[in-house]
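Chains, contacts and geometry: an overview
So the chains spell out like this:
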Amino acid sequence: MTKLSVNINKIATLRNSRGGNNPDLVKVALDCERFGAEGITVHPRPDERHIRYKDVYDLKSVIATEFNIEGNCREQKFVDLVLENKPAQVTLVPDAEGQITSNHGWDTIKHEDYLKEMVAVFKSAGIRVSIFVDPIVEMVKAAALTGTDRIELYTEAYAHNYYDNREKAILPYVAAAHKAHEIGLGINAGHDLDLHNLKYFAESIPGLLEVSIGHALISDALYLGLENTIQLYLKQLKH
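Here the structure is a predicted model, which is why all the values come from computation and not from measurement.

The next thing to look at is the overall build of the chain. For the chain, the count of helices and strands is 10 helices and 8 strands. In summary, the chain has a C-alpha radius of gyration of 17 Å against a globular reference of 18 Å for 239 residues, a match within 12%. When its C-alpha atoms are laid out on the principal axes, the chain stretches across 45 × 40 × 30 Å. Within the chain, the fraction of its 239 residues that count as buried is 53%. For the chain, long-range pairs separated by at least 24 residues make up 67% of all intrachain contacts whose partners lie at least 6 apart in sequence. As displayed, the chain offers around 10,600 Å² of accessible surface, 52% of which is attributable to carbon and sulfur atoms. With 26 positive and 33 negative side-chain charges, the chain shows a separation of 3 Å between the mean positions of the two kinds.

Now the structure itself:
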C-alpha cells in the first residue's frame, strides 16, 4: 500500500504566527505517527517562515517512521542540514528563494550534471534521494541518469484539472509512472492531493510508493480532527 507522509509545515506556520511553542510541532509529528501516518515530511526554507532548522534536529531525534526533508539543494545550508540529520529520504525541489510553495519540477535534462553530483553527495551518506519532477516522460528518463532512487511527481496540474476531466488529467502521470518503472525508479507524489482526488490518483498510478500531503490534510483536520483526517487519507490509499 502507498505510504502517507504528513507534511507538517502548516503546523509550524501556525506556531510561528504567535511565537512560543503552541502548537508543539514535535508533539504533532508524534501524534501523526500515532494516528497512523507512515512518514513525516518537512520543507525548511531559508527564511524559516515555517519549519525552523532547529525543528529538523528536534524531529530527527524522535521520529520513528520515515523522515523526509524537502528543499533546494542549491542552498548549502540545506545540504548541511540534511547531511547532519541523515533522514530516511531527501527530496530535491527547485524552489527559488522566497517562493510561497513549490510550483514546478526540475529540468532534469538541463541540470543533469548538477543533480548527478548532488544525488551522489546524499547517497554517499546513506540517504535515499527523490527528485521533484513534472509528469513529463523525458524528465523522468533524464532523472534516472542522475542516479536518484526515486522521483516525486508534482501533482498540482492533476489536482487543478481533476474536476474537469480526471481521466485526461491523470494520463501524463500514468505515462511518467510507466517510464519510471521501466527504468527502475521508485515513485512518490505530492502537491494539492486531497480527500477528493487522492483515491483516483493512487488507483491509477502503478507502484506508487508514497504521497506527501500537508496543506489539504491540515485544513481538513480543522473540521474533522487530526486523527480522523489521517485515517480518512489512509483509507483513500487502500485499493
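Below, the discussion takes up the pairing of strand β4 (residues 89–92). Every second residue of β4 is oriented toward a common face, with Gln89 and Thr91 on one face and Val90 and Leu92 on the other, all of them buried. Taken together, the 4 bridges between strand β3 (residues 66–71) and β4 define a ladder with parallel strand orientation. Following the sheet pairing, Ile69 is matched in β4 by Val90. You can see the chain leave β3, run along helix α4 (residues 76–85) and come back into β4, and the turn it takes is right-handed. Bridge analysis of β4 against strand β5 (residues 128–133) gives 4 bridges, and the strand direction is parallel. Within β5, the position partnered with Thr91 by the bridge is Ser130.

In the numbering used here, UniProt assigns the feature "active site" (unreviewed entry) to His43, Glu70 and His191. A maximum C-alpha distance of 12.5 Å among these annotated residues, which run over 149 residues, shows that they cluster at one spot. Topologically, His43 is positioned in the loop between β2 (39–42) and α3 (53–60). Judged by relative accessible area, which is 3%, His43 ranks as buried. Inspection of the secondary structure puts Glu70 in strand β3. Excluding anything up to four places from it in sequence, Glu70 contacts Asn7, Thr41, Val42, His43, Pro44, Phe78, Thr91, Val93, Glu152 and Ser212.

Attention shifts here to the sheet that holds β2. The strand order around the closed barrel built from 8 strands is β1-β2-β3-β4-β5-β6-β7-β8, with neighbouring strands paired in parallel fashion. Ignoring which end each strand starts from, the neighbouring axes of this sheet average 25° apart. Both β2 and β3 contribute to a ladder of 4 bridges, which runs parallel. Bridge pairing links Ile40 to Phe67 in β3. Across the sheet, α3 is in contact with β2 and β3; its angle to β3 comes to roughly 165°. Contacts from helix α5 (residues 112–123) reach β4 and β5 within the one sheet, and its direction differs from that of β5 by about 150°.

One pass over the full model with this rule turns up 14 salt bridges. Here Asp55 ties to Arg15 by a salt bridge, and the two come within 2.8 Å at their closest N and O atoms. Of this pair, Asp55 sits in helix α3 while Arg15 is found in helix α1 (residues 9–16), placing the two residues 40 residues apart along the sequence. Accessibility expressed as a relative area gives 7% for Asp55, which makes it buried. Take Arg15: its relative accessible area is 2%, and that puts it in the buried class. For Asp31, the salt bridge identified is with Arg34, shortest N-O distance 2.9 Å. Of this pair, Asp31 and Arg34 are both found in helix α2 (residues 25–34), 3 residues apart, which corresponds to roughly one turn of the helix.

Within the fold, Leu4 resides in strand β1 (residues 3–7). Classification of Leu4 by relative accessible area gives buried; the value is 0%. Not counting the four nearest positions on each side in its chain, Leu4 is found in contact with Ala37, Glu38, Gly39, Val211, Ile213, Leu217, Ile230, Tyr233, Leu234 and Leu237.

As a further point, take the packing of helix α6 (residues 137–144) against helix α7 (residues 156–182). Where α6 meets α7, the axes come as close as 9 Å, and the angle between the chain directions of the two elements is 25°. In terms of their interaxial angle, α6 and α7 are classed as roughly parallel. You can see that α6 and α7 cross each other, and the crossing is right-handed. Contacts between α6 and α7 pair Val137, Val140 and Lys141 from the former with Ala175, Ala176, Lys179 and Ala180 from the latter. A breakdown of the residues in the contact of α6 with α7 according to their chemical character gives 5 nonpolar, no polar and 2 charged.

How each quantity is defined
- For every chain, the first residue of the written sequence is number 1, and numbering continues from 1 onward in sequence order.
- Totals for whole chains, interfaces and linings use all residues, but because this is a predicted model, local features are given only for residues with pLDDT of at least 70 and pairs of side-chain atoms are given and counted only at 80 or more.
- With hydrogens and water excluded, all non-hydrogen atoms of the structure serve as input to the side-chain values.
- To qualify as a helix, a DSSP run of H or I must reach at least 4 residues; to qualify as a strand, a run of E must reach at least 2; elements of each kind are numbered from the N terminus.
- Based on C-alpha atoms, the radius of gyration is set beside the globule rule, defined as 2.2 Å times the residue count to the power 0.38.
- Relative accessibility decides the category of a residue: with a 1.4 Å probe and only protein chains considered, values under 20% of the type maximum give buried, values over 50% give exposed, and everything between is partly exposed.
- Any pair of residues with heavy atoms lying within 4.5 Å of one another is described as a contacting pair.
- The Shrake-Rupley method, run with a 1.4 Å probe, gives the accessible areas here. Residue values count only the displayed protein chains as cover.
- For this count, His and the chain ends are skipped, Lys and Arg are scored as positive, and Asp and Glu as negative.
- Charge coordinates come from a single atom per side chain, which is NZ of Lys, CZ of Arg, CG of Asp or CD of Glu.
- Here, any two strands with at least 2 DSSP bridges between them count as paired.
- By the criterion used throughout, a crossover qualifies as right-handed when its path from the first strand across the helix to the second strand runs clockwise, the strands pointing away from the viewer.
- UniProt positions are given in the numbering used here, feature names are shortened, and annotations may be inferred rather than shown by experiment.
- As a rule, the C-alpha atoms of each element are fitted with a line to give its axis, helices using only the stretch in contact, and angles between N-to-C directions run from 0 to 180 degrees.
- Salt bridges are identified by distance alone: a Lys or Arg side-chain nitrogen within 4 Å of an Asp or Glu carboxyl oxygen.
- Orientation labels follow simple angle bins: below 35 degrees gives roughly parallel, above 145 gives roughly antiparallel, 65 to 115 gives roughly perpendicular, and whatever is left gives oblique.
- Note on convention: near helix rotated counterclockwise from far helix by under a right angle means a left-handed crossing. Clockwise means right-handed.
- All amino acids are sorted into three groups, where Ala, Val, Leu, Ile, Met, Phe, Trp, Tyr, Cys and Pro are nonpolar, Asp, Glu, Lys and Arg are charged, and the leftover types, Gly among them, are polar.

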